[in-house]
Protein chains: 2
Amino acid sequence: MISFDTFRGTEGTPIYQQILLFIKRGAVAGTIRDGDELPSRRMLSALLGINPNTVQKAFRMLEDEGLITSQPGAGSNMTLTPQKLDALKEELLKDDIRSITSALRQMGIDREEALRLIEENWQESEEEPAGSGEGEEHE
Amino acid sequence: MISFDTFRGTEGTPIYQQILLFIKRGAVAGTIRDGDELPSRRMLSALLGINPNTVQKAFRMLEDEGLITSQPGAGSNMTLTPQKLDALKEELLKDDIRSITSALRQMGIDREEALRLIEENWQESEEEPAGSGEGEEHE
DNA sequence: TTTACTGTATTATATGACTAATACGGTCGT
DNA sequence: ACGACCGTATTAGTCATATAATACAGTAAA
């Protein structure tokens, strides 16, 4: 069963998108694997303190993308193939990397300073994990 | 007069926030300076193809933050001090850097790969400037 | 089989973002 | 003074997000 321990709100972005991102990133990281069972919509909505319909929307979109399979009565499970994972990783990385380079460029930050800033913050967030569920959801 | 040549929509984020970011980042970059005149709300809304009220909302928030000053009849001008610029730079950098490190970490990317990805994309976006107005808005 | 959970669907309401259409008064150049 | 532009304000409508309250059918374990 997938754990949502490390779920953190991404500020202003819609909740259903946060759920999408959380699961997709987990899949890319390998902490969420093919066949893994997801918490039920009602369960997850209670855990996150949000409306069941919001969870339903996210799960519906995941199913439309072919990343999960749901059956009435039974629950929902991840359906991941290496191909999907590759596509997912490229999609997510492309968006994230593009946005940060665009942002730093607009602020007149040069390549060296950009790399330095990332490296600095990497260490800080290592000391203060800001959401360390240890990633031990499996077996 | 500030130029909005390089203005690009940041996908799904609200337009008024995009305007805020564009101006703030320009200020941090030094392409928008103290005393600079902004285009009128009507002019800018026409240029961007959006509603005047949306521009008004952004300008209103900029004024609430003390970054611009407006007078009925006359236009609006930037009111930047070194202190404001420092605070602005730190605020923007903190948000951007934090979001990218958080995203890459959630995907299981390590420090070396993160730096490599940024560096790669930096060069690509250098060849294909993705919004190069030459930044010659001044004097 | 009954009970308790699943996924799924529907209708209603509230709020924020954005658009639209106006209106009022201040400033500036002629 | 006049006209063309400024900032400012108000009211209304649309759309997406999120909540709320149900309802129905399928599955699984007791």
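## Some remarks on helix α4 (residues 82–106) of chain A
For an α-helix, 3.6 residues make a turn, and residues three or four places apart therefore share a direction.
Part 1 of the reasoning: The terminal C-alpha atoms of α4(A) lie 36 Å apart, and with 25 residues this matches the ideal 36 Å at 1.5 Å per residue to within 8%.
Part 2 of the reasoning: What α4(A) keeps buried is the set A:Leu88, A:Leu92, A:Leu93, A:Asp96, A:Ile97, A:Ile100, A:Thr101, A:Ala103 and A:Leu104.
Part 3 of the reasoning: Looking at the buried side of α4(A), the elements it contacts are α1 (15–29) and α5 (111–127) of chain A together with α1 (15–29), α4 (82–106) and α5 (111–127) of chain B.
Part 4 of the reasoning: Phi turns positive one or two residues past the end of α4(A), at A:Gly108, with a value near 75°.

## What about the interface of chain B and chain A?
Part 1 of the reasoning: The partner chain A presents 31 residues to the 31 residues of chain B that form the contact.
Part 2 of the reasoning: When chain B packs against chain A, the two sides together hide about 3300 Å² of surface, and 69% of this comes from carbon and sulfur.
Part 3 of the reasoning: By the criterion of area lost to chain A, the three top residues of chain B are B:Arg105, B:Met107 and B:Trp122, representing 24% of everything that side buries.
Part 4 of the reasoning: There are four salt bridges connecting chain B and chain A.
Part 5 of the reasoning: Between B:Glu113 and A:Lys89 there is a salt bridge, and its shortest N-O distance comes to 3.9 Å.
Part 6 of the reasoning: Secondary-structure elements contributing two or more residues to the side of chain B that touches chain A are α1, α4 and α5 of chain B.
Part 7 of the reasoning: Here the side of chain B that touches chain A gets twelve residues from one element, more than from any other, and that element is α4(B).

## Describing the relation of the copies chain B and chain A
Part 1 of the reasoning: For the pair chain B and chain A, the superposition axis carries a translation of 0.0 Å, the fit reaches an RMSD of 0.1 Å, and the rotation angle comes to 180°. What the rotation and shift describe, once combined, is the action of a two-fold rotation axis.
Part 2 of the reasoning: A high fraction, 100%, of the interface residues of chain B reappear at the interface in chain A, so the copies pair face to face through one surface.

## Here's the deal with the protein's contact with DNA strand C
Part 1 of the reasoning: In the vicinity of DNA strand C there are 25 residues, among which A:Arg41, B:Pro14, B:Ile15, B:Asn53 and B:Thr54 approach most closely.
Part 2 of the reasoning: Of all DNA strand C atoms lying within 4 Å of any protein atom, the proportion belonging to sugar or phosphate reaches 60%.
Part 3 of the reasoning: Here a phosphate oxygen of DNA strand C sits 2.8 Å away from a polar atom, N or O, in the side chain of A:Ser40.
Part 4 of the reasoning: Going through the elements one at a time, α2 (41–48) and α3 (52–64) of chain A together with α1 and α3 (52–64) of chain B are the ones with two or more residues in the surface near DNA strand C.
Part 5 of the reasoning: In terms of residue class, the surface near DNA strand C is made up of nine nonpolar, eleven polar and five charged.

## Quick look at the nonpolar core
Part 1 of the reasoning: Within the largest apolar cluster, 70 residues are counted, with the highest numbers of intra-cluster contacts made by A:Ile23, A:Phe59, A:Leu104, B:Ile23, B:Phe59 and B:Leu104.
Part 2 of the reasoning: Within the residue set of this core, elements represented by two or more residues are α1, α3, α4 and α5 of chain A together with α1, α3, α4 and α5 of chain B.
Part 3 of the reasoning: Setting aside anything within four residues of it in sequence, one finds B:Phe59 in contact with B:Ile19, B:Ile23, B:Leu38, B:Pro39, B:Arg41, B:Leu44, B:Ile68 and B:Ser76.

## Quick word on the domain arrangement of chain A
Residues and elements named next belong to chain A.
Part 1 of the reasoning: Annotation of chain A at the domain level lists domain 1 (15–80) and domain 2 (83–127).
Part 2 of the reasoning: Centre-to-centre, using C-alpha coordinates, domain 1 lies 26 Å away from domain 2.
Part 3 of the reasoning: Contacts between the two partners involve nine residues from domain 1 and, on the opposite side, seven residues from domain 2.
Part 4 of the reasoning: Between domain 1 and domain 2, the buried area comes to about 730 Å², and carbon and sulfur atoms account for 73% of it.
Part 5 of the reasoning: Between domain 1 and domain 2 we count two salt bridges in total.
Part 6 of the reasoning: There are two residue pairs in polar contact (both at pLDDT 80 or more) connecting domain 1 and domain 2.

## Description of the packing of aromatic side chains
Residues and elements named next belong to chain A.
Part 1 of the reasoning: Throughout the structure, instances matching the rule amount to six aromatic pairs over all chains.
Part 2 of the reasoning: Ring geometry for phenylalanine 7 versus phenylalanine 22: centroids 5.3 Å apart, planes at 70°, classification edge-to-face. In this pair, phenylalanine 7 sits in the segment before α1 while phenylalanine 22 sits in helix α1, placing the two residues 15 residues apart along the sequence.
Part 3 of the reasoning: Under the relative-accessibility criterion, phenylalanine 7 is labelled buried at 15%.
Part 4 of the reasoning: Phenylalanine 22 gets classed as buried once you look at its relative accessible area, which sits at 10%.
Part 5 of the reasoning: Ring pairing ties together the aromatic residues Phe4, Phe7 and Phe22, which thus form one cluster.
Part 6 of the reasoning: Above the plane of the ring of tyrosine 16 lies lysine 57, whose end atom (NZ or CZ) is 4.3 Å from the centre.

## What about the packing of α5(A) against α4(B)?
Part 1 of the reasoning: It is the contact of α5(A) with α4(B), at a shortest axis distance of 10 Å, that shows an interaxial angle of 65°. Comparing their axes, α4(B) and α5(A) come out roughly perpendicular. Helix-helix and strand crossings are classified by hand; for α5(A) and α4(B) the assignment is right-handed. Residue-level contacts link A:Glu113, A:Leu117, A:Ile118, A:Asn121, A:Trp122, A:Ser125 and A:Glu126 of α5(A) to B:Lys89, B:Leu93, B:Ile97, B:Arg98, B:Ile100, B:Thr101, B:Leu104 and B:Arg105 of α4(B).
Part 2 of the reasoning: Its residues assigned to classes, the contact of α5(A) with α4(B) comprises seven nonpolar, three polar and five charged.

Definitions and cut-offs
Residues numbered from 1 in each chain as written. Chains lettered and ligands numbered in written order. Predicted model: local features only at pLDDT ≥ 70, side-chain atom pairs only at ≥ 80, totals over all residues. Heavy atoms only, no water. Helix = DSSP H or I, 4+ residues; strand = E, 2+ residues; numbered from the N terminus. Expected span 1.5 Å × (residues − 1). Buried < 20%, exposed > 50% of the residue type's maximum accessible area, 1.4 Å probe, protein only. Contact = heavy atoms within 4.5 Å. Buried area = accessible area lost by both parts, 1.4 Å probe. Salt bridge = Lys/Arg side-chain N within 4 Å of Asp/Glu carboxyl O. Least-squares fit on C-alpha atoms with pLDDT ≥ 70 in both. Near = heavy atom within 4 Å. Polar contact = N/O pair within 3.5 Å; in protein donor to acceptor, adjacent residues only side chain to side chain. Nonpolar A, V, L, I, M, F, W, Y, C, P; charged D, E, K, R; others polar. Core = buried A, V, L, I, M, F, W, Y, C linked by side-chain atoms within 4.5 Å. Domains from an automatic or database assignment. Phe/Tyr/Trp six-rings, centres within 6.5 Å; stacked < 30°, edge-to-face > 60°. Lys NZ or Arg CZ within 6 Å of the ring centre and 35° of its normal. Axes fitted to C-alpha atoms, helices over the stretch in contact; angles between N-to-C directions. Parallel < 35°, antiparallel > 145°, perpendicular 65-115°, else oblique. Left-handed = near helix turned anticlockwise from the far one by under 90°.

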